[in-house]
Amino acid sequence: MLVQQKDQQKLYQIFLRQISSFHQTKDPDILGKAVAAANSYFTLTKINCLTEADLKSFKDLLLDSEYLDFKSLRFLENSVYLIDSDLLISYSSKIIHQLNHLEQVDYELYLNAWTALTNIVFSLIQQKQNSVASHILNQLLTIDLPQQMATFKIRIVFFKKLLAYRENGDDREINAYLKSLTEIGLSNLVSELLDYWDSIY
């Protein structure tokens, strides 16, 4: 608990420094760093320390990005717990539409896109936007991924099972899935998936 409290305090101090710097400079990169700190702080405390004006400035920054690049994807993936569901849904469609292009342009950019998508889906699950999250997951499940990106597919399947559990209350399928992952040596990934589960129940 003490470690978590120290993390909270450190994140909040980082946020205060960055947001103060943004107010002085109006530098969008600094705003992105401030929002990332606020996003992490929110995951620990469920407290949104951004003002409406600062959040609007950040949303405008996201909406101004017609084409996806490292910066816009990083901004998005580090802000999903503070962004309203409508913008997340809109941005997920934008990313999915550009996935083929991103894969051809730059593999690292493609990885960033998938990280953003999985973060978006989990944020929607947390917001209880179950049908929308399920729709996005169904789209993602149709996309073939290279073997080195298999963890993304594992997370997506887990999210589907998490939604099924939320609907029917039967945890046998999701526990069987986690057991199968443990049996093939993916215990670290299982721990991550359990953290997802714990954070919404």
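Residues numbered from 1 in each chain as written. Predicted model: local features only at pLDDT ≥ 70, side-chain atom pairs only at ≥ 80, totals over all residues. Heavy atoms only, no water.

A. Structural view of the packing of aromatic side chains. Here the structure, examined in full by the defined rule, presents 10 aromatic pairs. With a centroid separation of 5.7 Å and an interplanar angle of 25°, the aromatic rings of phenylalanine 122 and phenylalanine 159 are classed as stacked. Taken together, the residues phenylalanine 122 in helix α6 (residues 107-126) and phenylalanine 159 in helix α8 (residues 150-168) connect sequence positions 37 residues apart. What makes phenylalanine 122 buried here is its relative accessible area of 3%. Overall, phenylalanine 159 belongs to the buried group, its relative accessible area being 0%. Judged by centre distance (5.3 Å) and plane angle (75°), the rings of tyrosine 165 and tryptophan 197 are edge-to-face. Highlighted residues: tyrosine 165 in helix α8 and tryptophan 197 in helix α10 (residues 187-200), separated in sequence by 32 residues. Members of the aromatic cluster, joined through ring pairs, are Phe122, Phe158, Phe159 and Tyr196. Seen from the ring of phenylalanine 22, lysine 26 lies directly overhead, with NZ or CZ sitting 5.3 Å from the centre. Taking the ring centre of phenylalanine 152 as reference, the NZ or CZ of arginine 155 above it sits at 5.4 Å. (Phe/Tyr/Trp six-rings, centres within 6.5 Å; stacked < 30°, edge-to-face > 60°. Helix = DSSP H or I, 4+ residues; strand = E, 2+ residues; numbered from the N terminus. Buried < 20%, exposed > 50% of the residue type's maximum accessible area, 1.4 Å probe, protein only. Lys NZ or Arg CZ within 6 Å of the ring centre and 35° of its normal.)

B. Quick peek at unusual backbone geometry. Positioned with a positive phi, lysine 46 is a non-glycine residue whose angle comes to about 65°. With respect to the helices and strands, lysine 46 occurs in the loop between α2 (28-45) and α3 (52-63). When its relative accessible area of 47% is taken as the criterion, lysine 46 is described as partly exposed. Of note, the phi angle at lysine 128 is positive, near 65°, even though the residue is not glycine. Note on placement: lysine 128 falls in the loop between α6 and α7 (130-141).

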